[in-house]
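Spelled out, the chains give:
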Amino acid sequence: MKVIMGSIEDIDEGERKEIPDYVEELDKAKEILYDASRKQDLINEEISQPQKIELKQLPAHLKYVFLAKNGEKLVIISNSLTTEEEEEVVKVLKSKKGAI
């Protein structure tokens with residue numbers, strides 16, 4: 001603290017007048033950092049809360065299939081596929097779910 005006080009005593013009048021500007025800039029930087037931190041908190045909160053999916057009535061020739069066991073990654077496929085065809089479609093979709 002003594003170092004800071006000694007430094008303040010050594011500044012000239014022009015530098016003394018610039019101090020409020022520097023303090024204001026530091027306060028703005030603090031607000032920006034807070035806003036960025038808050039934004040990241042909101043993003044993390046959205047990611048951690050799974051979205052509730054409202055399933056709607058599909059036409060008779062379509063049906064829902066979940067690619068993940070926890071009820072996520074919902075896709076719609078044809079209802080006329082055989083079990084083997086459906087399994088193959090789901091297998092392909094799961095391997096490409098990053099693109100979905």
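Keep in mind it's a predicted model, so treat the numbers as computed, not measured.

Draft legend 1. Expanded view of the overall build of the protein. Looking only at helices and strands, the protein features three helices and two strands. Ordered by position in the sequence, the α and β elements of the protein form the string α-α-β-β-α. Burial analysis of the protein (100 residues in total) assigns 7% to the buried set. Across the protein, the fraction of contacts at a sequence separation of at least 24, relative to all contacts at a separation of at least 6, is 13%.

Draft legend 2. Fine view of a negative patch on the surface. Side chains of Asp12, Glu13, Glu15, Glu18, Asp21 and Glu25 sit close together on the surface and give a patch of like negative charge. For Glu25, the location among the structural elements is in helix 2 (residues 13-48).

Draft legend 3. The nonpolar core, seen in detail. Core analysis: the biggest nonpolar cluster contains five residues, these being Val65, Leu67, Val75, Ile77 and Val90. Residues contacting Ile77, with those up to four places away along its chain left out, are His61, Leu62, Lys63, Val65, Glu86, Val89 and Leu93.

Draft legend 4. The arrangement of a nonpolar patch on the surface in detail. Taken together, the side chains of Ile53, Leu55 and Phe66 present a nonpolar region at the surface, about 270 Å² in accessible area. Along the polypeptide, Ile53 turns up in the loop between helix 2 and strand 1 (62-66). Residue Ile53 is classed as partly exposed on the basis of its relative accessible area, which comes to 47%.

Draft legend 5. Inspection of the pattern of salt bridges at higher detail. Within this structure, the stated rule accounts for one salt bridge. In this structure, Lys63 engages Glu86 in a salt bridge whose closest nitrogen and oxygen atoms are separated by 2.5 Å. Note that Lys63 is positioned in strand 1 and Glu86 in helix 3 (residues 83-95), a separation of 23 residues in sequence. Judged by relative accessible area, Lys63 falls into the partly exposed class, the value being 25%.

Draft legend 6. Spotlight on the environment of Leu93. You can see Leu93 is positioned in helix 3. What makes Leu93 partly exposed here is its relative accessible area of 23%.

Draft legend 7. Broad picture of the confidence of the model for the protein. Averaged over all residues, the pLDDT of the protein equals 76, while 72% of them reach at least 70. The element-level mean pLDDT for the protein is lowest in helix 1 (residues 2-9), coming to 54, with helix 3 highest at 90.

Rules of the game
Residues numbered from 1 in each chain as written. Predicted model: local features only at pLDDT ≥ 70, side-chain atom pairs only at ≥ 80, totals over all residues. Heavy atoms only, no water. Helix = DSSP H or I, 4+ residues; strand = E, 2+ residues; numbered from the N terminus. Buried < 20%, exposed > 50% of the residue type's maximum accessible area, 1.4 Å probe, protein only. Contact = heavy atoms within 4.5 Å. Patch = residues over 30% accessible without salt bridge, like charges linked within 9 Å, V, L, I, M, F, W, Y side chains within 5 Å. Areas by Shrake-Rupley, 256 points an atom, 1.4 Å probe, with all protein chains shown as cover. Salt bridge = Lys/Arg side-chain N within 4 Å of Asp/Glu carboxyl O. Lys, Arg positive; Asp, Glu negative; His and termini not counted. Charge placed at Lys NZ, Arg CZ, Asp CG, Glu CD. Core = buried A, V, L, I, M, F, W, Y, C linked by side-chain atoms within 4.5 Å. pLDDT = per-residue confidence, 0-100.

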